[in-house]
Every structure is written in structure tokens, then in C-alpha cells.
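Residue-level listing of the chains:
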Amino acid sequence: MLWLGGLLPALALLPPARAFAMPYEDLRWPALTAGLIVALALLLAGTRAEPGPIRRLHRFDPLALGAALIGGGLLLSALASPAPLLGLRTGLREIFFVGFALCLALRPARGIELAWVVAALLAATAFEGLLALAQGLLPSPGMPGGRALMHGTFEQSEVLSSFLGAGAAAAGVVALTGGAGRGWRLAGGLVLAAAATAIFIAGGRGGALAGAAALAAGLLVRRSSGRPSPTTQARWMMAAAAMGVALLAGLLWLALPGTSARQGTLPARLAQMFDPESLSIRHRIGLTRITGEMILDAPLTGAGPGRFAAAFGDMQARLAEHEDEGAIRAFNELTSHLTPMEAHSDPLQWWAEYGAAPFLGLLLMALAALWAPMPRLRAGPPWLAALWAALLALALGMWVSYPLREPVRALLLWMLVGLLAGCGAREEKKPAADQ
């Protein structure tokens, strides 16, 4: 677990580098795969050296059933694809990460291991948030500043905000609930402030809404556990922290170079959600419409693993033959000049590209991981609730983003699925003769 936790900030330090063909076009994908192979080897060696409670998977286990649906559906989609070899290559990548999560769930993680993963997530979140703030606020020749430059080590501000939203949710649970020491609460509060400020300046709507919802759910679960309510002093500290973040965000907003940079901050971006004629909303309507047509065209097998961009272009051409008044949303300035590689919704893209079975399997595995630790969240360590909130933020955010198409967030999501599903396992009682 020491290796696995350290892999997250290490991978986050690597900038995206395009060198390979699909499905490993980013150099970080092979690095991630190699790191997970080492993690699995260490996990297997540790299990043999220190045998502990091993979770038994059975045919009705929702995590195993979800993994089976993904594996079988990917194989079916690859065989039905016009490019079966590409489908098999892409499918093997997805099956590897699903299998990794399944193996990780077999052995329940100890409290110290969960704390280490939380520390790694907070470290990566703090680094990305501070780097993004420096990118957006420091002057750059010929660039407007703000969200146009704020990407951390990711490709763009939306991807960055999705990661920061998950880290902020975890940091908030550590900072604002009981069970953690003073140093942990201080570190969590500082990380939450840095991540929230970066999201505000970068205008990451999906990361902000998903992170806020996950943090609220995490706080609600911890407070409904029968624990004593926060003291008056804690309430004042929380209120002061919120006002401090708001003041810092306002000052940084004033420091942004130019009006265009200020218009890209979170309030302006949230307002665009209620304007169907804004470019960003028309773009997403177009993506959703064409992706939906792709699903209706091949609901069981999908277009084939690795063929989203090609199938998207084909469907767009077919729709162009029957152009109507809604074409401005399906063929807006972005979709008409670019071929999207992502649908900005992982579940919908999985259905359109891989078919119905992987889509259902993905939802089943995410729900199983979120449900499994619920009994322990109410009285367990804060690390478990923090990781649960981070997974909830990613599970909500993947409907409007694509964490599974980017290596750092994919590592975090599948790692959390395995850890949380494993934490829900209970050690089986030994037979009376053996006791």
C-alpha cells in the first residue's frame, strides 16, 4: 500500500506527453500500468507473508458481477467491432484496471494504510492546486491568464478541477469532522482552501459541484453517526475558514490579468449553465445528442473499443443529411471543426463505445464500492470517510467529465473502488472446531 499510495502524487507530477498510438497515446498510461503491476506483485507477496482476512467473492457479489459485465461486454464489443484488434487492445487496458480494483478489494486495508492514501491524495491535491494558481495569476506574454492557463500537470482546467474536486472533498472531511488530530485538520483545511480557490479561479463547474456535493454527503454521514455535534468553537473555526477562502478568492479574482480572465471564473461559468445559447452548453448538448444517437445505433455492442472518435464523425455525417433547427447544437463551432475524443461523460461514452454491459458494470462497481463501507463510515476512522467522499466526487463528476480517459484520475477512481469495496468485507468466523 505504501507503493500504491506514493504512485498517485508521483504520477500527478508527470505532465502529459503524446508519444504512443491508441490506447496508450499518453506516456503516463504505460507508467501507470507498470506501477500497478508492481503494486499487485507487492500485494500478493504481502498476502502470502502475512495472511489475513481475504474477501470471498461469489456470483452475487455486486463488485464481481460488475467486473464480469465489463470484461464480457468489452470482449463482445471488440469482436463485433470493425477494428477488432484495436478493440482488444483497448479492452485489455480497461479489463486490467477493473481487475486491479477487484484484486485490491480482496484484502481489507488497515487504518494506517487508508491514512497513507489520504495523505498522498492531499499532497497531490495541494501540489496541483498551488501550481494551477501560479499558472493563472503569474503574467504570461500574449496569454489572457486565468483558466486559459490553469491546468496543473493535466491537459486543461476542467480535467484539473475534476481532480481537485475529489481531493477537496477528502480534505474537507478530514478538516471538518472528528477523529483526526490537530495537524491533520490543519493540513486538510489548507488543502481544501487551495483546491477550492483554484477551482474558483479556473471555473471548473463539474469539479466544483461534484466536490461540494460529495463533501456535504461526507459531513452528513459523519454527523449522523451518533457522534457529538461540533462545539461552538469548531463552528466558529469553520465559519472563519469559509470567510477566509471567500476573501482570498475575491482578492485573487481582482488580481487576474484582464476582464476575459475574470469572465472565466466559477460564477460566470455557472451562469452559462442556464444559457442554452452559450458556446460551452451548445457544445455539450451537441456531444450528448450525437453520443445518444450512437447508443441508439448499437445499444448492445457499441461502436467498438477505441472507435469513439471515428464513430462520432460517422454519426455526425449521417445527422448532417437531415439538418434541422437543432443543428446549431449538434454542429456548433467546436464539434464542426474538431473530432471529439471524449463525450464529456464516461458512462455515456462507455455505452456508446463499449456497449450496454460495460456501462451497467461500471455503475454497479461504483455503487458497490460506495455502499460497502457505509456501516463503518458512521463510526470508523475519518480516512475511510474522506476516501468515500473522494470516490463520490469522481462518481458524480464522471457524468460530466472523463476521469477514466485520463491516467491520474483513472488511478484514483479504480484505487478507491478497490479500497472501499475491500473495507466493506468482514472477516468470516472460523468453525467452532478450529476456535
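Read on for an overview of the structure. Since the structure is predicted, the reported quantities are computational estimates derived from the model, not experimental observations.

This part covers the overall build of the protein chain. Looking only at helices and strands, the protein chain has 19 helices and zero strands in total. Taking all 435 residues of the protein chain together, 50% fall into the buried category. Across the protein chain, every contact between residues at least 6 apart in sequence was considered, and the portion connecting residues at least 24 apart equals 78%. Summing over all exposed atoms, the protein chain offers an accessible surface of approximately 19500 Å²; the carbon and sulfur share of this is 69%.

On to the packing of aromatic side chains, then. Under the criterion given, the structure shown has seven aromatic pairs. For the ring pair Phe308 and Phe312, a centre distance of 5.8 Å and an interplane angle of 45° mean the geometry is tilted. Placement of the pair is Phe308 and Phe312 together in helix α13 (residues 308–320), with a separation of four residues, close to one helical turn. Owing to a relative accessible area of 2%, Phe308 belongs among the buried residues under this scheme. Pairing Trp351 with Phe359 gives two aromatic rings, centres 4.6 Å apart and planes at 20°, and the pair type is stacked. The exposure class assigned to Trp351 is partly exposed, which follows from its relative accessible area of 25%.

Moving on, we get to the pattern of salt bridges. This structure, assessed with the given rule, holds 10 salt bridges. Between Glu113 and Arg110 there is a salt bridge; the shortest N-O distance is 3.3 Å. Residue Arg110 is classed as partly exposed on the basis of its relative accessible area, which comes to 42%. Notably, a salt bridge pairs Arg405 with Asp346, separated by 3.9 Å at the nearest N-O pair. Remark: Asp346 occurs in helix α15 (residues 346–354) and Arg405 occurs in the loop between α18 (382–397) and α19 (407–423); sequence separation between them is 59 residues. One continuous salt-bridge network, built from bridges that share partners, spans Arg28, Glu406 and Arg409.

A separate point is unusual backbone geometry. Despite not being glycine, His344 shows a phi value in the positive range, around 60°. As for its placement among the helices and strands, His344 is situated in the loop between α14 (327–330) and α15. Assessed through its relative accessible area of 14%, His344 is described here as buried.

Here helix α6 (residues 157–176) spans 27 Å end to end across 20 residues, near enough to the 28 Å set by a 1.5 Å rise per residue. Of all 20 residues in α6, 19 are buried, a share of seventy percent or more.

Cut-offs applied
- Residues numbered from 1 in each chain as written.
- Predicted model: local features only at pLDDT ≥ 70, side-chain atom pairs only at ≥ 80, totals over all residues.
- Heavy atoms only, no water.
- Helix = DSSP H or I, 4+ residues; strand = E, 2+ residues; numbered from the N terminus.
- Buried < 20%, exposed > 50% of the residue type's maximum accessible area, 1.4 Å probe, protein only.
- Contact = heavy atoms within 4.5 Å.
- Areas by Shrake-Rupley, 256 points an atom, 1.4 Å probe, with all protein chains shown as cover.
- Phe/Tyr/Trp six-rings, centres within 6.5 Å; stacked < 30°, edge-to-face > 60°.
- Salt bridge = Lys/Arg side-chain N within 4 Å of Asp/Glu carboxyl O.
- Expected span 1.5 Å × (residues − 1).

Honestly, that's just the spatial picture; any functional story needs more than this.
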